[in-house]
Amino acid sequence: MNEKEAQAICEKAIAFSEAEHVQVNLNGVHSASTRYANGEITQNVARNQMTLRVTCAYGNKVGRCSTNRLDTGSIRDAVKRAEEMARVAQPDTEFLPPPEPTTYRPIPAYADSTAHATPEDRARVVRAVIDEANARGLKTAGSFATNAYVTAVANNKGLFAYHTATRASLVCTMMTEDSSGWAEQTHEEMHRITPEAVAQRAADKAETARHPQEIAPGDYTVVLEPAAIAELLAYMAWSMDAKTADEGRSAFAGKTGTAIGNEKVTLQSLPTHPECPAEPFFDDGMPTPDVTWIERGVLKTLAYSRYWAQKQGRAFTGHPSNLILPGGNQSVEELVTQVEDGLLITRFWYIRFVDPMQLLLTGMTRDGVYRIQGGRITHAVKNLRFNESPLVVLKNIRLLGKPQRVEGHMLVPPVVVDGFTFSSTTTF
């Protein structure tokens, strides 16, 4: 859907409403994925969906309705339903009227080749992965997805915003009889995905992880690959709500302006970053700002909604649009050479909160844990369960490597962390 078509639908919905405040969100996605396992493609799936969400308010009494039918009658029905719910709703004491019209920074994040990728295009990428697995006598499984998004927001004050984006993502797991290795790559342009390199990395990790040995739980120096540190930072980002902290209900209560990490740590959201672009606006049409969350270890700000920023007299930040953790130029392998005794961790999974007030998490390692001795990998290690807080990790970071794109909207480096706590072993 192009910008003109999106604006026409939004304006039609707004024109149908008699409410005091009206906001319309239009979200579309074309997602396609080719999945593979055991040396062959197992599934091709595709989905096209457009959703219109209407918000109507009388004062601070708010009603919402959504529909995936965009004919005139269905749009009118959705608007009237939102109005009906608003009239009988209890007042929302945190509701703010929609923002005024504004301008947005252009964020290039769309590639035609990704948006129009065919099953044959994805099959060629998967073929390269399967060929590598077959050549090395390994099993492989994973997926290659190509997605295209359209996002628009409008309100009855005259605001209108429109954005398109694409994303291609290759995920690869390689397996031996007693080990696995994993790698991924994400980019807006599908032709920037290098399946041979992804497959080789996953295969190398699987072969190095053969015959894992058990070690005792305890505190270890770890090299966390980008996927591993990204998973911990994601949980931290979800917990950075300023209102929750100001009310004493989070691990960040009273910490603004204090050191929560090593001075090497600076964490930012930079929506226009060319290697990790985010959307130019939030759901309500507010522009996504550049935000420095942590600067040289000091917590500079938490995530302020429009309501809480206005109430507290602070700058609006919104939730993190992306997460950028600057680092250096060293690879994972170069970081390993600087660890006398420790573990290399590929990634984590099944992470859960243990104590939100300490931001204490638990989870397990996955797809490759390796013992480091004398600056080199000596053997594979069986998986371990960890109990650790990202806040402790930030304080104990000793070295940062070269940032890599992971998890869609994160650009983070591998890191060396001292005193990372593993609470128990596993049987595999």
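You'll find the structure just up there.
As the structure is a computational prediction, the values presented were derived from the model and not from experiment.

**Thoughts on the overall build of the chain**
At step 1: For the chain, the count of helices and strands is ten helices and 19 strands.
At step 2: Scaling as 2.2 N^0.38, a compact globule of 428 residues should have a C-alpha radius of gyration of about 22 Å, and the chain matches this with 24 Å.
At step 3: For the C-alpha atoms alone, the extent of the chain along its principal axes is close to 70 × 55 × 35 Å.
At step 4: Evaluated residue by residue, the chain yields a buried proportion of 53% over its 428 residues.

**Quick word on the side chain of Asp284**
At step 1: As for its placement among the helices and strands, Asp284 is situated in the loop between β8 (267-269) and β9 (291-295).
At step 2: At 3.0 Å, the side chain of Asp284 forms a polar contact with the backbone nitrogen of Met286.
At step 3: Not counting chain neighbours up to four residues away, the residues in contact with Asp284 comprise Gln23, Pro99, Val153 and Arg306.

**Here's the deal with the state of the cysteines**
At step 1: Summed over the entire model, instances satisfying the criterion amount to zero disulfides.
At step 2: The closest cysteine sulfur to the non-disulfide-bonded Cys10 is located on Cys56, 13 Å from its own sulfur.
At step 3: With relative accessibility at 0%, the residue Cys10 sits in the buried group.

**As for helix α4 (residues 119-135)**
At step 1: Between its terminal C-alpha atoms α4 stretches 24 Å, which fits the 24 Å expected from 17 residues at 1.5 Å a residue.
At step 2: Regarding α4, the residues found buried are Asp121, Arg122, Val125, Val126, Ala128, Val129, Ile130, Glu132 and Ala133.
At step 3: Those residues of α4 that are buried lie in contact with β1 (21-37), β2 (40-58), β4 (139-155), β5 (160-175) and α5 (195-208).
At step 4: Looking at the residues trailing α4, positive phi occurs at Gly137, about 65°.

**Some words on the pairing of strand β19 (residues 415-425)**
At step 1: Pairing geometry for strand β7 (residues 218-224) and β19, over six bridges, is antiparallel. When the bridges of β19 are listed, Leu224 appears paired with Val415.
At step 2: Examined bridge by bridge, strand β15 (residues 384-388) and β19 share three bridges and lie antiparallel to one another. By the bridge assignment for β19, Arg385 is matched with Ser424.
At step 3: Sheet topology note: the strand β16 (residues 397-400)/β19 ladder contains three bridges and is antiparallel. Within β19, the residue paired with Leu399 across the bridge is Val416.

**What to know about the nonpolar core**
The tendency in soluble globular proteins is for nonpolar side chains to be buried as a group.
At step 1: Counting residues in each nonpolar core, the largest one holds 54 residues, and the members touching the most others are Leu224, Met236 and Phe252.
At step 2: For this core, the element with the highest residue contribution is helix α6 (residues 226-238), accounting for nine residues.
At step 3: Sequence-distant contacts of Phe252, that is, excluding residues within four places in its chain, are made with Met236, Ser239, Met240, Ala245, Ile260, Leu299, Leu302, Leu359 and Leu391.
At step 4: Counting residues in hydrophobic clusters, the runner-up holds 23 residues, among them Ala6, Phe16, Ala78 and Phe160.

**Things to note about a nonpolar patch on the surface**
At step 1: On the surface, Trp349, Tyr350 and Phe428 cluster together into a nonpolar patch covering about 340 Å² of accessible area.
At step 2: Its location among the elements puts Trp349 in strand β12 (residues 341-355).
At step 3: Judged by relative accessible area, which is 31%, Trp349 ranks as partly exposed.

**So, the pattern of salt bridges**
At step 1: Following the criterion strictly, the structure yields 25 salt bridges and no others.
At step 2: Linking Arg53 and Asp283 is a salt bridge whose minimum nitrogen-to-oxygen distance equals 3.6 Å. Of this pair, Arg53 sits in strand β2 while Asp283 sits in the loop between β8 and β9, placing them 230 residues apart in sequence.
At step 3: Between Asp418 and Arg398 there is a salt bridge, with its nearest N and O atoms 3.0 Å apart. Of this pair, Asp418 sits in strand β19 while Arg398 sits in strand β16, and the two are 20 residues apart along the sequence.
At step 4: Looking at Asp418, the relative accessible area reads 28%, which means it is partly exposed.
At step 5: Classification of Arg398 by relative accessible area gives partly exposed; the value is 30%.

**Quick word on the environment of Pro287**
At step 1: Take Pro287: it is sitting in the loop between β8 and β9.
At step 2: The partly exposed category is assigned to Pro287, whose relative accessible area is 27%.
At step 3: Not counting residues up to four positions away in its chain, the partners in contact with Pro287 are Thr102, Thr103, Tyr104, Pro280, Phe281, Phe282 and Phe316.

**Details of the sheet that holds strand β3 (residues 61-67)**
Paired through their backbone hydrogen bonds, the strands of a sheet run either parallel or antiparallel.
At step 1: A sheet is described by the order of its strands in space; here six strands give the open sequence β3-β2-β1-β4-β5-β6, paired in antiparallel fashion. With one partner strand each, in any of the chains shown, β3 and β6 (180-187) form the two edges of the open sheet. Each adjacent strand pair in this sheet contributes to an overall mean axis angle of 15°, direction not counted.
At step 2: Alignment of β1 against β4, held across 15 bridges, turns out to be antiparallel. If you follow His30 over to β4, its bridge partner there is Ala148.
At step 3: Contacts between α5 and the sheet are confined to β5 and β6, with β6 contributing the most and set at about 155° to the helix.

**Topic: the packing of aromatic side chains**
At step 1: What the rule picks out here adds up to eleven aromatic pairs.
At step 2: Here the aromatic rings of Tyr235 and Trp238 are separated by 4.8 Å at their centres, their planes lie at 55°, and the arrangement is tilted. Residue Tyr235 and its partner Trp238 are both found in helix α6; the two are separated by three residues, about one turn of the helix.
At step 3: On the basis of relative accessible area, Tyr235 is assigned to the buried category, the value being 15%.
At step 4: Among the residues examined, Trp238 registers a relative accessible area of 62% and is labelled exposed.
At step 5: Among the aromatic residues, those joined into a cluster by ring pairs are Tyr220, Phe348, Phe386, Phe420 and Phe422.
At step 6: In this arrangement the basic side chain of Arg366 is found over the ring face of Trp349, its NZ or CZ atom lying 4.5 Å from the centre.

Analysis parameters
Residues numbered from 1 in each chain as written. Predicted model: local features only at pLDDT ≥ 70, side-chain atom pairs only at ≥ 80, totals over all residues. Heavy atoms only, no water. Helix = DSSP H or I, 4+ residues; strand = E, 2+ residues; numbered from the N terminus. Rg over C-alpha atoms; globule rule 2.2 N^0.38 Å. Buried < 20%, exposed > 50% of the residue type's maximum accessible area, 1.4 Å probe, protein only. Polar contact = N/O pair within 3.5 Å; in protein donor to acceptor, adjacent residues only side chain to side chain. Contact = heavy atoms within 4.5 Å. Disulfide = S-S within 2.5 Å. Expected span 1.5 Å × (residues − 1). Pairing = 2+ DSSP bridges. Core = buried A, V, L, I, M, F, W, Y, C linked by side-chain atoms within 4.5 Å. Patch = residues over 30% accessible without salt bridge, like charges linked within 9 Å, V, L, I, M, F, W, Y side chains within 5 Å. Areas by Shrake-Rupley, 256 points an atom, 1.4 Å probe, with all protein chains shown as cover. Salt bridge = Lys/Arg side-chain N within 4 Å of Asp/Glu carboxyl O. Axes fitted to C-alpha atoms, helices over the stretch in contact; angles between N-to-C directions. Phe/Tyr/Trp six-rings, centres within 6.5 Å; stacked < 30°, edge-to-face > 60°. Lys NZ or Arg CZ within 6 Å of the ring centre and 35° of its normal.

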